[in-house]
Protein chains: 6
Amino acid sequence: MSRPSGREPNQLRPVKITRNFTCHAEGSVLVEFGNTKVICTASVDKGVPRFMRGEGKGWVTAEYGMLPRSTGSRMGREAARGKQGGRTVEIQRLIGRSLRAAVDMKALGEYTINIDCDVIQADGGTRTASITGACVAMVDAFSKMLADGAIKQNPLKQMIASVSVGIYKGMPVLDLDYPEDSNAETDMNVIMTESGGFVEVQGTAEGETFSREELNAMLALAEQGIAELVSLQKQALAD
Amino acid sequence: MSRPSGREPNQLRPVKITRNFTCHAEGSVLVEFGNTKVICTASVDKGVPRFMRGEGKGWVTAEYGMLPRSTGSRMGREAARGKQGGRTVEIQRLIGRSLRAAVDMKALGEYTINIDCDVIQADGGTRTASITGACVAMVDAFSKMLADGAIKQNPLKQMIASVSVGIYKGMPVLDLDYPEDSNAETDMNVIMTESGGFVEVQGTAEGETFSREELNAMLALAEQGIAELVSLQKQALAD
Amino acid sequence: MSRPSGREPNQLRPVKITRNFTCHAEGSVLVEFGNTKVICTASVDKGVPRFMRGEGKGWVTAEYGMLPRSTGSRMGREAARGKQGGRTVEIQRLIGRSLRAAVDMKALGEYTINIDCDVIQADGGTRTASITGACVAMVDAFSKMLADGAIKQNPLKQMIASVSVGIYKGMPVLDLDYPEDSNAETDMNVIMTESGGFVEVQGTAEGETFSREELNAMLALAEQGIAELVSLQKQALAD
Amino acid sequence: MSRPSGREPNQLRPVKITRNFTCHAEGSVLVEFGNTKVICTASVDKGVPRFMRGEGKGWVTAEYGMLPRSTGSRMGREAARGKQGGRTVEIQRLIGRSLRAAVDMKALGEYTINIDCDVIQADGGTRTASITGACVAMVDAFSKMLADGAIKQNPLKQMIASVSVGIYKGMPVLDLDYPEDSNAETDMNVIMTESGGFVEVQGTAEGETFSREELNAMLALAEQGIAELVSLQKQALAD
Amino acid sequence: MSRPSGREPNQLRPVKITRNFTCHAEGSVLVEFGNTKVICTASVDKGVPRFMRGEGKGWVTAEYGMLPRSTGSRMGREAARGKQGGRTVEIQRLIGRSLRAAVDMKALGEYTINIDCDVIQADGGTRTASITGACVAMVDAFSKMLADGAIKQNPLKQMIASVSVGIYKGMPVLDLDYPEDSNAETDMNVIMTESGGFVEVQGTAEGETFSREELNAMLALAEQGIAELVSLQKQALAD
Amino acid sequence: MSRPSGREPNQLRPVKITRNFTCHAEGSVLVEFGNTKVICTASVDKGVPRFMRGEGKGWVTAEYGMLPRSTGSRMGREAARGKQGGRTVEIQRLIGRSLRAAVDMKALGEYTINIDCDVIQADGGTRTASITGACVAMVDAFSKMLADGAIKQNPLKQMIASVSVGIYKGMPVLDLDYPEDSNAETDMNVIMTESGGFVEVQGTAEGETFSREELNAMLALAEQGIAELVSLQKQALAD
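Quick notes on the rules
- Residues numbered from 1 in each chain as written.
- Chains lettered and ligands numbered in written order.
- Predicted model: local features only at pLDDT ≥ 70, side-chain atom pairs only at ≥ 80, totals over all residues.
- Heavy atoms only, no water.
- Helix = DSSP H or I, 4+ residues; strand = E, 2+ residues; numbered from the N terminus.
- Rg over C-alpha atoms; globule rule 2.2 N^0.38 Å.
- Buried < 20%, exposed > 50% of the residue type's maximum accessible area, 1.4 Å probe, protein only.
- Contact = heavy atoms within 4.5 Å.
- Areas by Shrake-Rupley, 256 points an atom, 1.4 Å probe, with all protein chains shown as cover.
- Lys, Arg positive; Asp, Glu negative; His and termini not counted.
- Charge placed at Lys NZ, Arg CZ, Asp CG, Glu CD.
- Patch = residues over 30% accessible without salt bridge, like charges linked within 9 Å, V, L, I, M, F, W, Y side chains within 5 Å.
- Salt bridge = Lys/Arg side-chain N within 4 Å of Asp/Glu carboxyl O.
- Buried area = accessible area lost by both parts, 1.4 Å probe.
- Polar contact = N/O pair within 3.5 Å; in protein donor to acceptor, adjacent residues only side chain to side chain.
- Nonpolar A, V, L, I, M, F, W, Y, C, P; charged D, E, K, R; others polar.
- Pairing = 2+ DSSP bridges.
- Axes fitted to C-alpha atoms, helices over the stretch in contact; angles between N-to-C directions.
- Expected span 1.5 Å × (residues − 1).
- Least-squares fit on C-alpha atoms with pLDDT ≥ 70 in both.
- UniProt positions renumbered as here; feature names shortened; annotations may be inferred.
- Parallel < 35°, antiparallel > 145°, perpendicular 65-115°, else oblique.
- Left-handed = near helix turned anticlockwise from the far one by under 90°.

## Comments concerning the overall build of chain A
Right, on to step 1. Across its full length, chain A carries 6 helices and 9 strands.
Right, on to step 2. Its C-alpha radius of gyration of 18 Å places chain A within 12% of the 18 Å reference for a compact globule of 239 residues.
Right, on to step 3. Judged by the C-alpha coordinates and their principal axes, chain A covers about 55 × 40 × 35 Å.
Right, on to step 4. Looking at chain A as a whole, 60% of its 239 residues qualify as buried.
Right, on to step 5. Within chain A, residue pairs in contact and separated by at least 24 positions form 69% of the contacts whose partners lie at least 6 positions apart.
Right, on to step 6. Element-wise, carbon and sulfur atoms account for 47% of the exposed surface of chain A, whose accessible area totals about 8,700 Å².
Right, on to step 7. Computed over 27 positive and 30 negative side-chain charges, the separation of the two mean positions in chain A equals 7 Å.

Written out as structure tokens, the structure is:
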């Protein structure tokens, strides 16, 4: 019983984090989890949404999109249909919520960090790649703000990263690619901090339900995978 | 250190399930989790979405809404704004996905069950009350289809129910009401089958992250609460 | 020649007005005209629309909706379609216009009363039930404002109520239910004050035109019916 | 106490009906009620809406618009705002409903008549002018269909026309222009057939309510005015 | 080889410019290029868009629309579809850009000129007729502003006008009507000032490409045609 | 008087065309004109739009978008705003029209080629880079269709390419970058075939008008630049 890619159950795909991928954004990262490729940018804007003004705290928000032909068959362009789909809305809310957990909003002050995650090639795990890449882009944006004197203290509390785990043909596996994801019995996205705290856990049974034991096995894989991802984020930031 | 409502940490709010609440739908339930009140209807439509036609399988989908003044201050009406909000989209996708896990689509045949969950009064936990009530409405709709001869076999695989759990002031608690929910460090929604399988687990840290131990404590509370809810669903269906 | 319900031509359906139906709104009424059931809430907001600011006058506006399965077959949810239908727009404009006729805007001061009428079960006459119930909800909201000291003088000029009349199989009848409404030759909605002044009269021929005599017969029925409704509103408010 | 225009209380504005105003539509009329000018076209399309197919009956529907600068100050263009306003929706539903009352749908057969009423200059009474002009355009379209052999029998049951009446400074008046309309206590739109049957009556109190006597006085003015309008329609059609 | 209309290759259609066509706008023109008829209004609004405030400069913007039955077969109404089509957007951007080239924004001061071009009858060349007519409407609006004392100096730098040219059956022709336009190999819209400067040139090959020589021949026709149109604009303004 | 980039007036930016940039689309190209970078994909879909069915001819259409932070300051995401902006609509119509000029629709048969041009980094000339890159992507898609046996004959009539030219500080220049584009007196986009025929010419004066001589100078630069671009396209396709 083996994985379509031949990977070990606890093996991540090759992960690549390219900083400064485009030139305009304060932070710009191309993140690759195998064939999944996402451009993550962090843009700094002065000011916060109306309901937060005057409290001296910052805000982090995210938007997510897929290029129409990032997928096997072309998807309609959301801008042309005039509406973001339910899956898009769900994912971008998750990205924003996760990244906010990494930030000390007082230290950020009244600035908004706009995260954009745009998938240029999809092969499963676009949301976990997005979160992992966006955190690096956000760190770069904070460095730029510190260098510019916009802020005095780094608002990053700690790195966060994310990975998917699942049950594929009865076997708990780490970092599902599309052939696995579309056949998994259970799919779970986990977001954790570098110190091992959980930020978000979202597990969904597809068809069959999952047990406490399976849940535990998946969480163990996630903990290991996220530790590796955080280490890769730090290497990228050290370059 | 006690809960605002004075409840025990593992105590559900008073739960009430009123069947046949309105007269037109094949299944119609008013579900109350304390002050949270949701009208759940299950409507049977012949046919399935285009992409599924001819496969002999059924479909279950859900929509969710809140009356503008179901909440403490009035929310804008989504129909007037011309757009369902991100939270609404996220919740109705969760409800649909959860209920599909309870149904044998082959046995349902080419029918669509449209679930509508409309919150008339909100006090925390509207999505978990919705899922719990909608499952009962769906069972009533299946009974009606069986009685009418539309289907020959009950498509229900097993009951599902849902409850929220969280960490409130450091204490794991069951079935959060609004005063708890808005101050909880962690909020988790759990959906399970009557036989104890997990359908969906969604845990989110608000501010502080949560640990494996806290996760386990919350899951234990959820398992107990859902067992009670399934028992209440069955009582209601037996009346 | 008799009515499907067996009622006398000048007989209202059983009318029930339940105050404080939900707990958050300043006024909250469940109004029932037979099987037609509408939740009417009145919400008080500080401030008025931009074009009225600084004139010291208040504003009353209304929104109307139907739960998707309030009707015999499920209607698409307007929030999901991204657009309120023409009938909805027409009805909510009527409700708002009618209620404004009951209010002394100077006495209200710069507050907006948002009326929401949400039909949970429909059997004809939803707009007239909405107006009749919403007026009671608005009176409760005014009482709350007076008790809170937000206003010093009751802005209610006089109660208004509304009923439908029509020509069914050649016979003028009061308060049409759905079986009558869908077969009536003429359908007329009348809104009046408690002192017998007309606020709005909307009569529409369906198929055959109507004569001055028929119009007069319908207006006489409406005058009687509205007198009864005002009396029921006052009883409800006295409880 | 006189009218701003110096007209008698029962005096219409100069009415002008120009047929074949534009060249493409099957019926095309410029209707003028004083300074109110509306282009009314009737377009013939083969087929009927989906819900009516196969019944051998026709359909009449209407859309209404105002050029942005048809009014004293420029209104936003509805196409640019992406939404027809509530008033527009209300008016175009009224126009369609009224014209359907003039047509024998069996005789029309499975054709749709699309009425477009576009106000190029507004001075009160645009909806009544629209209905009056559109009926003439529709008659021209029927003549063309008969000439082309598309239908064998004229589907027109009888002409309809429409006029506004109101109470201005306590005085019942016919055919209100903008200075009257914006100051009237009551405004009523009446649609009648050439034989004197009522198609629609819509009376609205602005501020003060109106009495049965006032209603009767307004209806008498409307009956007289509509008789004159029908006569002008027939003259135009005879040319 | 002759033109469907029998015109000479370098012959404009009969052009008619009627000023003060409607009564409310500061400038209102009916422009006719043969059977193409467009109502062009210029509306003066105090203030400029947010991004320009405080710079002491004015703004000119344009919107374009077609009545649904201005064309041979009825087009859907953009306001009803909730969206302006791509062609509409393209044309109104062209009209606005062209007219801005005619105006000294400093002399205009912080006023916005809203141009509305509404086609009531279409026979090819609606955008060129719109620009030619709108310039006259704008000049009238400037005159009114000068007369009212809103501005002290005429902001018109010089007149602009526009005409289409094309290659029809191998022959360069001026001012294409619909039968030519729909069969032309190349269609070009040219906007020039009265002193012969180019404001915009938009040439499009339909099917076959065009050569430098053909381009030159078309530009020569355009220069001649625009000189004639400017002369007609000036005559109209002199009346 | 020199260009901000130090380029000669007739010098293109470094152009790079990377084929097979992403893995799913039938044709996928990253095109770079200096710092302007656009992902162009060509997707093959069976079938054509409804209005063309049964004629045995194909169709080519295009959509265009910019990643929110492809620009110096972040632009709102069109999918989130629910509407494509006017500039987007204008550009994607131009791309589609231009590419259709390169294709023999009979040879293509009833297939639709969907072109997507997504700007990941913008520095002027995004539409001309898009057209130039998309043509290469389309050629790759045609090769794949030929290899798969979907078509028997290559539908490409000839290559097309596009470049911008303009008048910058009085000097005609080729291939404007953003610093030039935002200060140019005139900006012109030219699309030509490899054999030197014009497909589209769009020249716009910004502020000052342009003369016939300037137009000629710009066209000469465009002819030279497009010849170079076609040669680069062919080199890329030969690799």
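## Remarks on a positive patch on the surface
Right, on to step 1. Residues Arg 50 and Arg 53 of chain D together with Arg 50 and Arg 53 of chain F make up a contiguous surface patch of positive charge.
Right, on to step 2. Positionally, Arg 53 of chain F belongs in the loop between strand S3 (36-46) and strand S4 (59-66).
Right, on to step 3. For Arg 53 of chain F, a relative accessible area of 52% translates into the label exposed.

## Here's the deal with the interface of chain C and chain D
Right, on to step 1. Each side of the interface is counted separately: chain C has 27 residues, and chain D has 27 residues.
Right, on to step 2. Summing both sides of the interface, chain C and chain D together bury roughly 2,500 Å²; the carbon and sulfur share of this comes to 49%.
Right, on to step 3. Between the two partners, chain C and chain D, sit 6 salt bridges.
Right, on to step 4. In this structure, Arg 97 of chain C and Glu 90 of chain D form a salt bridge, with 3.8 Å as the shortest nitrogen-oxygen distance.
Right, on to step 5. For the pair chain C and chain D, the number of links is 12 residue pairs in polar contact (both at pLDDT 80 or more).
Right, on to step 6. Contributing elements (two or more residues each) for the side of chain C that touches chain D: helix H2 (86-100), strand S9 (198-205) and helix H6 (212-238) of chain C.

## Notes on the interface of chain F and chain A
Interfaces are often sized by the amount of accessible area the parts lose when they come together.
Right, on to step 1. At the interface, 35 residues of chain F touch 35 residues of chain A.
Right, on to step 2. Looking only at chain F, the three residues that lose the most surface to chain A are His 24, Arg 69 and Arg 77 of chain F, adding up to 26% of its buried area.
Right, on to step 3. Across the chain F-chain A interface, the total number found is 12 salt bridges.
Right, on to step 4. In this structure, the salt-bridge partner of Arg 74 of chain F is Glu 63 of chain A, at a minimum N-O distance of 3.0 Å.
Right, on to step 5. Looking at the side of chain F that touches chain A, the elements with two or more residues in it are S3, S4, helix H1 (78-81) and strand S5 (111-121) of chain F.
Right, on to step 6. A total of 6 residues in the side of chain F that touches chain A trace back to one element, the largest contributor, which is S5 of chain F.
Right, on to step 7. Grouping the amino acids of the side of chain F that touches chain A by side-chain chemistry returns 14 nonpolar, 12 polar and 9 charged.

## As for the sheet that holds strand S7 (residues 171-174) of chain A
Right, on to step 1. Read from one edge of the open sheet, 8 strands run S7(A)-S6(A)-S8(A)-S9(A)-S9(B)-S8(B)-S6(B)-S7(B), paired in antiparallel fashion. Edge positions in the open sheet fall to S7 of chain A together with strand S7 (171-174) of chain B, since each of these has one partner strand only. The mean inter-strand angle of the sheet, taken between neighbouring strand axes irrespective of direction, is 15 degrees.
Right, on to step 2. Where strand S6 (residues 160-168) of chain A lies against S7 of chain A, 4 bridges are found, and the strand directions are antiparallel.

## A few points about helix H4 (residues 126-148) of chain C
Right, on to step 1. Here H4 of chain C spans 32 Å end to end across 23 residues, near enough to the 33 Å set by a 1.5 Å rise per residue.
Right, on to step 2. Backbone geometry just downstream of H4 of chain C places Gly 149 of chain C in the positive-phi region, at approximately 80 degrees.

## Digging into the relation of the copies chain F and chain A
Right, on to step 1. With an axial shift of 0.0 Å and an RMSD of 0.0 Å, the rotation relating chain F to chain A amounts to 180 degrees. In the structure described here, the two chain copies are related by an operation that fits a two-fold rotation axis.
Right, on to step 2. Both copies share a contact surface, since 100% of the interface residues of chain F are interface residues in chain A too.

## Digging into the UniProt feature "binding site: phosphate" (unreviewed entry) in chain A
Residue and element names in this part refer to chain A.
Right, on to step 1. The feature "binding site: phosphate" (unreviewed entry), as annotated in UniProt, sits at Arg 87, Gly 125, Thr 126 and Arg 127 in this numbering. Over a stretch of 41 residues, the named residues converge on one spot in the fold, their C-alpha atoms separated by at most 13.2 Å.
Right, on to step 2. For Gly 125, the residues in contact, after removing those within four places along its chain, are Arg 13, Thr 36 and Leu 176.
Right, on to step 3. Relative to the helices and strands, Arg 127 is located in helix H4 (residues 126-148).
Right, on to step 4. Judged by its relative accessible area of 17%, Arg 127 falls in the buried class.

## Side note on the relation of the copies chain C and chain D
Right, on to step 1. Mapping chain C onto chain D calls for a rotation angle of 180 degrees and an axial translation of 0.0 Å; the resulting RMSD is 0.0 Å.
Right, on to step 2. Both copies contact each other with a shared surface, as 100% of the interface residues of chain C are interface residues in chain D too.

## Notes on the sheet that holds strand S3 (residues 36-46) of chain C
Whether parallel or antiparallel, the strands of a sheet pair through hydrogen bonds between backbone atoms.
Residue and element names in this part refer to chain C.
Right, on to step 1. Within the open sheet, the 5 strands sit side by side as S1-S2-S3-S5-S4. Their pairing is mixed. Either end of the sheet is taken by a strand with one partner, and the two such strands are strand S1 (15-19) and strand S4 (59-66). Ignoring which end each strand starts from, the neighbouring axes of this sheet average 20 degrees apart.
Right, on to step 2. As judged from the 7 bridges shared by strand S2 (residues 27-33) and S3, these two strands associate in the antiparallel manner. Bridging across to S3, Glu 32 finds its partner in Lys 37.
Right, on to step 3. Along the sheet, H2 makes contact with S4 and strand S5 (111-121), crossing S4 at roughly 145 degrees.
Right, on to step 4. The sheet strands contacting H6 are S1 and S2, and the helix crosses S1 at an angle near 30 degrees.

## Quick notes on unusual backbone geometry
Right, on to step 1. Positive phi is not limited to glycine here, since Asp 175 of chain A has a value of about 60 degrees.
Right, on to step 2. Structurally, the position occupied by Asp 175 of chain A is in the loop between S7 and helix H5 (178-181).
Right, on to step 3. Overall, Asp 175 of chain A belongs to the buried group, its relative accessible area being 0%.
Right, on to step 4. Positive phi, close to 55 degrees, is recorded for Asn 20 of chain D, a residue that is not glycine.
Right, on to step 5. Inspection of the secondary structure puts Asn 20 of chain D in the loop between strand S1 (15-19) and strand S2 (27-33).

## Thoughts on the side chain of Arg 77 of chain C
Right, on to step 1. If you trace the backbone, Arg 77 of chain C turns up in the loop between S4 and helix H1 (78-81).
Right, on to step 2. Setting aside residues up to four positions removed in sequence, Arg 77 of chain C forms contacts with Glu 63, Tyr 64, Gly 65, Gln 84, Asp 116, Cys 117 and Asp 118 of chain B together with Pro 68 of chain C.

## A few points about the packing of helix H2 (residues 86-100) of chain B against helix H4 (residues 126-148) of chain B
All names here are of chain B.
Right, on to step 1. For the pair H2 and H4, interaxial distance at closest approach is 10 Å and the crossing angle is 40 degrees. As summarised for this structure, H2 and H4 are arranged oblique, according to the angle between their axes. Judged by the twist between their axes, the crossing of H2 over H4 is right-handed. Between H2, through Arg 87, Glu 90, Ile 91, Leu 94, Ile 95, Ser 98 and Leu 99, and H4, the contact on the second element is made entirely by Thr 126, Arg 127, Ser 130, Ile 131, Ala 134, Cys 135 and Met 138.

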